[in-house]
Protein chains: 4
Amino acid sequence: MDDIAAELDQLAIEVPSWAYGNSGTRFKVFATPGTPRTVQEKIADAAMVHRLTGLAPSVALHIPWDKVDDYGILSSYAADHGMELGTINSNTFQDDDYKFGSLTHSDAAVRNKAIDHMYECIEVMNVTGSRDLKIWLADGSNYPGQADMRSRQDWLQDSLRKVYDRLGDGQRLVLEYKFFEPAFYHTDVPDWGTSYAHCLQLGEKALVCLDTGHHAPGTNIEFIVAQLIRLGKLGSFDFNSRFYADDDLIVGAADPFQLFRIMAEVVRGDGLSPESGIALMLDQCHNLEEKIPGQIRSVLNVQEMTARALLIDRTALTAAQESGDVLGANAIMMDAFYTDVRPGLAQWRETKGLPADPMEAYRASGYQDRINTDRQGGQQAGWGA
Amino acid sequence: MDDIAAELDQLAIEVPSWAYGNSGTRFKVFATPGTPRTVQEKIADAAMVHRLTGLAPSVALHIPWDKVDDYGILSSYAADHGMELGTINSNTFQDDDYKFGSLTHSDAAVRNKAIDHMYECIEVMNVTGSRDLKIWLADGSNYPGQADMRSRQDWLQDSLRKVYDRLGDGQRLVLEYKFFEPAFYHTDVPDWGTSYAHCLQLGEKALVCLDTGHHAPGTNIEFIVAQLIRLGKLGSFDFNSRFYADDDLIVGAADPFQLFRIMAEVVRGDGLSPESGIALMLDQCHNLEEKIPGQIRSVLNVQEMTARALLIDRTALTAAQESGDVLGANAIMMDAFYTDVRPGLAQWRETKGLPADPMEAYRASGYQDRINTDRQGGQQAGWGA
Amino acid sequence: MDDIAAELDQLAIEVPSWAYGNSGTRFKVFATPGTPRTVQEKIADAAMVHRLTGLAPSVALHIPWDKVDDYGILSSYAADHGMELGTINSNTFQDDDYKFGSLTHSDAAVRNKAIDHMYECIEVMNVTGSRDLKIWLADGSNYPGQADMRSRQDWLQDSLRKVYDRLGDGQRLVLEYKFFEPAFYHTDVPDWGTSYAHCLQLGEKALVCLDTGHHAPGTNIEFIVAQLIRLGKLGSFDFNSRFYADDDLIVGAADPFQLFRIMAEVVRGDGLSPESGIALMLDQCHNLEEKIPGQIRSVLNVQEMTARALLIDRTALTAAQESGDVLGANAIMMDAFYTDVRPGLAQWRETKGLPADPMEAYRASGYQDRINTDRQGGQQAGWGA
Amino acid sequence: MDDIAAELDQLAIEVPSWAYGNSGTRFKVFATPGTPRTVQEKIADAAMVHRLTGLAPSVALHIPWDKVDDYGILSSYAADHGMELGTINSNTFQDDDYKFGSLTHSDAAVRNKAIDHMYECIEVMNVTGSRDLKIWLADGSNYPGQADMRSRQDWLQDSLRKVYDRLGDGQRLVLEYKFFEPAFYHTDVPDWGTSYAHCLQLGEKALVCLDTGHHAPGTNIEFIVAQLIRLGKLGSFDFNSRFYADDDLIVGAADPFQLFRIMAEVVRGDGLSPESGIALMLDQCHNLEEKIPGQIRSVLNVQEMTARALLIDRTALTAAQESGDVLGANAIMMDAFYTDVRPGLAQWRETKGLPADPMEAYRASGYQDRINTDRQGGQQAGWGA
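The structure presented is a predicted model; accordingly, all values stated were derived computationally and were not measured.

S.K.: What exactly am I supposed to notice about the sheet that holds strand 3 (residues 84-89) of chain D here?
M.R.: Strand pairs in the sheet, formed through backbone hydrogen bonds, run parallel or antiparallel to each other. All names here are of chain D. Taken in spatial order, the eight strands close into a barrel running 1-2-3-4-6-8-9-10, and their pairing is parallel. The average undirected angle you get between the axes of adjacent strands in this sheet is 30 degrees. By the bridge criterion, two bridges tie strand 3 to strand 4 (residues 132-135) in an arrangement that is parallel. Looking at strand 4, one finds that N89 is bridged to K134.

Put into structure tokens, the structure is as follows:
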């Protein structure tokens, strides 16, 4: 573990403010005690995750879910809790005007409304110092013929151009793609190719956001990771896991080996270094499990798989690959994957003054009882769907 | 068309009360003007669908969404509108107690609560004269280890037994299966095999409900239809269509050829005759499109595909099959599918005193304007998720 | 039909020489009487398809399966049969040296061998006057770690560059992508994004080839068609159909509505005009069905769906789309799809001096009996797997 | 590891004779040096796997690939090599007569031919003392209409009945299901439900065979395992792994966590005990990798995941499940999965007099060099597709 400690130290995972609120399915949203009512309470919870793991120094905001009057004050609040405000997530899917699209709508007035919302997000970024504006679009259609897919691509590029041109120095636009949902027939940014084509046309401040749950069954996600890094266009990850669709489960829960392979390509492409410009973020729902422990578990999962990925003997692997030793090359990968890095990481934590077992430390902290007691009344945060 | 008129006359499609209410995704539920506030208004809308198509003489209820004090009065109300009350759909997925399961819960108290709900549904059936109790379970788990899948099967059988034993003469239990959602790791009744195994153990009043949107990608649904009819265990259909997951789009919208093939197996297995005991129902969401026209479109789609399926030249098909004439046999199927039955069905409607074009007739009726005006205030019906 | 006749006349579908040979699965290749032994016999069969349908004026070759000493003589042979020689398909998947890759191999010697094969194909093109070199790569790996996916992308670009630079005026390189098979863990050109990125870097003579069977389950293929046409990078189609994987069934057989939607986007993007530069080709296997009738059926399917796509009332569709009339817009699409164009196309054929029913005309021609009798001895053509 | 040693000792994995021969895809079969030419050489190779791992005491045969004149002599040959002859695999997919089906064919003559083949297999079993006749059918169709799915189910049951009635005391029939391939439209035994329904009707000597690569994308296989054990109908496993379709990769290679979950349900259902009657078999292809090491890797993978599954703290797991502790329950599973059992298993091997590292021991043995040298000439074994 000593050999990989320096690289491990670079690992920083952004947590999403909305993970601390309630979420669910179209069938039911279960509420839980202690759920934040305000963005400040979300930040406090995120800070607890960072305090126990040392892995999660920033929290992403979602506008309008996290709207406040003064983002400067919010930044200070975050700083007081040892946190930074990170990526600003735009939302153009909950207003009635967006029923048939936002940046891709056939009506220029709706597109302009959505563009204005993006401008508003950039204003927030100007105050918070956030680098990235994340655009995920629910835009699409449910029935063949409902929408003109071709024209919408042109409208999309036109809208994105207007947003892009408003970006300040050091600011970036990350365009997320998603296979399906909430649109069921077509989605306007369904795959990495579409996001890549738009970002390429926009310029170097536009990058692709890869959500690990947004692909067709059977997709080799780590290939896309490798390709986007190679093309210089991977801006950020939205980590989560899935068995079927966009399940938004805890990252690494459904297929830990896949997470390992993804992190192996991140390491292969030097994606952990700050210079890579690749943001590692969570984007998850804790529908059934406890939220703060769910976030702790998530960042630990990323750390554990990163450690395993760093353990791959690259020299031996290359030699095996070049000699056509299929089983030998695979064994080198699997050896890293099957190595139990947990004791080593517990030690790493202790050298940092962190609890060896963050899950246990959380239980012992009394934090959950405290917020269960304190957070009475008000409206629990959620998606407002 | 004359040759198939007698069989076409048998076609009756049950519509779901909830299709007339609002529905959506976890991201957003869009409301529409004119949406019913009460089960009576839902029935009125359903009656409009039947009046224009002659295809939809009964409406399924969902308890508790359609709960009323007196189901006898509700039956009379329906009868006054030319409708019957059909299948009673139970709901054990929106109470906090069911967070970790209902009929399959590890806690007997929760199971008993769910069983009591089923008893309540049977009481409703006793009053409405409904034949079928439909059980769809959201039961499952999101993470490996969260639940003991094996024990839950035993609890499920035990719970179902108690429900089954309460069924009266002429009453049936139909057990729906679903591949995934809202549970993401495991679902307690994920496939037809599981539903079949339970129904077989229960007895002849227990039958499988096949929802056309509840299968893995690539599943040959018409094979399952043929198999369940052969085994004498197909109780009912929940019709809808999907491109990806359980999209709940208008039946026939995503893959009309698949609907044709399904109806071809229904016809092949004599499933249209009342003696077959196979209930044809819709179970759909109209998230973006108008609801009543959406229902009209749906029952027309089923009728059109049934007509095409009836047009298959069975004698020629069998001859081609037995002679190994692959292209010839396929051509016979395709010839039926490509036949434009719409003019013939318009005529069929006119001979019944129905409008030749029900979609146009609905537009011309002024009904939508009327309900848009009349249905002010109150709480629009929805899923209450 | 009169309104669309001019556009229909533009339709030309290239047929693959290998469709006339034997093919099968890894489990079994069934042989059939009359199967060609030589490329000349394949061309003769293809000519029969064109003679009866007027739709298939060119035949694609596959090197080395169709290797001959003198391609000039072969061109004349084709011309004598009323056919042109079309796309040249390279093959770098059946030589033992390519076990671990061809253009992407870690060993430069193997890459050079594959590049030399591409040069050889260009030499063939220089003689036949073919426009397109098609590159489909079986390159990939079966186990994580077996290959360095990232480096292989660089080697691929480097290899393609060498091939590209050898292209003459008016020649093009079309790069096909495929989701999986024969490689099971990773494929070096798995999606349109990868093919697009490489073609973009190569230059304007490099274009994407879209095989309709090469996508993940649930992929919206017509979206990709629309996108690639918009980006000016759709070079050609490989038509076929599939239920599960790359089944290579007769185009339109598995999901005729999907073929219709694809053709609708081709029409929408002006892809039928010769200036579009989009080649429509078949790439299919006739494992069980008769081969020449299978090809006739295939080109007719494309024609029928093209006719339906041309029948879409674009003005009305745009109006419905812009007014948010979901059901109305969808109905316009479905109305075109459900129109029975077969009588009109039979008439179209008769005005061209073609048989009204090409399938029947083939049966009546005695051609199959003749080749069954004549083609005795020798080695039936196949894939040589 | 001491606590689980007794259960680990029960582990016995049957290896398939055909894994030692050449296999490939429809595109290419790569040959390798040292590949067996005879069933005796296959058995010798299998014996080597057992000698080094202590895990693979029996080898499955495939008729006609492993046909010999005297199976008694073959049994003795196996015994001399420390091996038993196991499951007899029938083959009704490579004879031209079976082009349109075998046990399900519309022609009784073809069905009878296939039944006679099954009788022949039972005769082999009578001599070898094998318990299980495995029936995997390639039967199906490629085009809608090609076959009458419904009648074929009846023919299938009728054919199976005749085979079943020929089984001797202590003999069993295991019926394998498969989602698709080589048939692309419908498969006659596509899912566990179909196999279960037939086996149930046949009687207690008929059981389901579950091949881990034969499911739709996203299928929860461990649920099926749990269900079939619960129903008393799980006869055997065909182990392998897949990313996309029936890739037939080394078991555990594509998704080790899934193999762990499968073994966890086997353990949960007491499936390791000989009394369970559940046969654990490999059914794989080594298209690219070395065959004997591929088999060694495979049985080790099963052993490692079995060990992890045995390490699950069942008492704690049940407590967490019953208290609704989602993260706690999942953590107990993951803790077992992430435990590095390899050192413990190396020790276990040494206590048995086996090499600590079987892969290394194989390399050091010189066996591969020996067979590479010795096995010159003759026809290498393969599928003969």
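Resuming the write-up.
S.K.: Which parts of the structure should I look at to understand the interface of chain C and chain A?
M.R.: It is common to give the size of an interface as the accessible area that goes away when the parts come together. Chain C puts 55 residues into the contact, and the matching count from chain A is 55 residues. In this assembly, chain C packs against chain A so that about 4,300 Å² is buried in total across both faces, 59% of it on carbon and sulfur atoms. Three residues stand out in chain C for area buried against chain A, namely C:R150, C:F223 and C:R230, and they jointly supply 18% of the buried area on that side. Joining chain C to chain A, the criterion identifies four salt bridges. Close ionic contact of C:D148 with A:R268 constitutes a salt bridge, the shortest N to O distance being 3.0 Å. Our enumeration of links across chain C and chain A arrives at 24 residue pairs in polar contact (both at pLDDT 80 or more).

S.K.: Would you mind going over helix 9 (residues 291-310) of chain C with me for this structure?
M.R.: One turn of the α-helix equals 3.6 residues, which is why residues spaced by three or four share an orientation. With 20 residues, helix 9 of chain C extends 29 Å from end C-alpha to end C-alpha; this agrees with the ideal 28 Å at 1.5 Å per step. Helix 9 of chain C sits mainly inside the fold: 20 of its 20 residues count as buried.

S.K.: Looking at this structure, I do not really get the relation of the copies chain C and chain A. What am I missing?
M.R.: One copy of the chain maps onto the other through a rotation about an axis plus a displacement along that axis. Superposition record for chain C on chain A: RMSD 0.0 Å, screw rotation 180 degrees, translation along axis 0.0 Å. Expressed as an axis order, the relation between the two copies is that of a two-fold axis. Across chain C, the smallest distance between a C-alpha and the rotation axis is recorded for C:G193, namely 2.0 Å. Comparing interface residues between copies, 100% of those in chain C also sit at the interface in chain A, which points to an isologous, same-surface contact.

S.K.: Honestly, the packing of helix 9 (residues 291-310) of chain D against helix 12 (residues 342-351) of chain D in this entry has me stumped. Any pointers?
M.R.: Describing two packed helices takes the angle between their axes plus the distance from one axis to the other. Residues and elements named next belong to chain D. Running from N to C, helix 9 and helix 12 cross one another at 110 degrees; their axes reach a closest spacing of 10 Å. It follows that helix 9 is roughly perpendicular to helix 12 by the angle criterion. With respect to the hand of their crossing, helix 9 and helix 12 are arranged in right-handed fashion. Residues L300, Q303, E304 and A307 of helix 9 form the contact with helix 12, whose own contacting residues are R342, L345, W348 and R349.

S.K.: I keep staring at the relation of the copies chain B and chain C and nothing clicks. Help me out?
M.R.: Superposition of chain B onto chain C requires a rotation of 180 degrees combined with a translation of 0.0 Å along the rotation axis, giving an RMSD of 0.0 Å. Comparing contact sets, 100% of the residues at the interface of chain B also lie at the interface in chain C, consistent with an isologous, same-surface contact.

S.K.: Whenever I open this one, unusual backbone geometry confuses me. Can you help?
M.R.: Note: most peptide bonds trans; most residues except glycine with negative phi. Across the junction of A:E181 and A:P182, the peptide omega takes the value 10 degrees, indicating a cis bond. Locating A:P182 in the fold gives a position in the loop between strand 6 (172-176) and strand 7 (186-187). Cis geometry is adopted by the peptide bond preceding C:P64, which originates at C:I63 and carries an omega value of 20 degrees. Notably, D:D248 is not glycine yet its phi reads approximately 60 degrees, a positive angle. Relative to the helices and strands, D:D248 resides in the loop between strand 9 (234-239) and helix 8 (256-268).

Conventions we followed
Residues numbered from 1 in each chain as written. Chains lettered and ligands numbered in written order. Predicted model: local features only at pLDDT ≥ 70, side-chain atom pairs only at ≥ 80, totals over all residues. Heavy atoms only, no water. Pairing = 2+ DSSP bridges. Helix = DSSP H or I, 4+ residues; strand = E, 2+ residues; numbered from the N terminus. Axes fitted to C-alpha atoms, helices over the stretch in contact; angles between N-to-C directions. Contact = heavy atoms within 4.5 Å. Buried area = accessible area lost by both parts, 1.4 Å probe. Salt bridge = Lys/Arg side-chain N within 4 Å of Asp/Glu carboxyl O. Polar contact = N/O pair within 3.5 Å; in protein donor to acceptor, adjacent residues only side chain to side chain. Expected span 1.5 Å × (residues − 1). Buried < 20%, exposed > 50% of the residue type's maximum accessible area, 1.4 Å probe, protein only. Least-squares fit on C-alpha atoms with pLDDT ≥ 70 in both. Parallel < 35°, antiparallel > 145°, perpendicular 65-115°, else oblique. Left-handed = near helix turned anticlockwise from the far one by under 90°.

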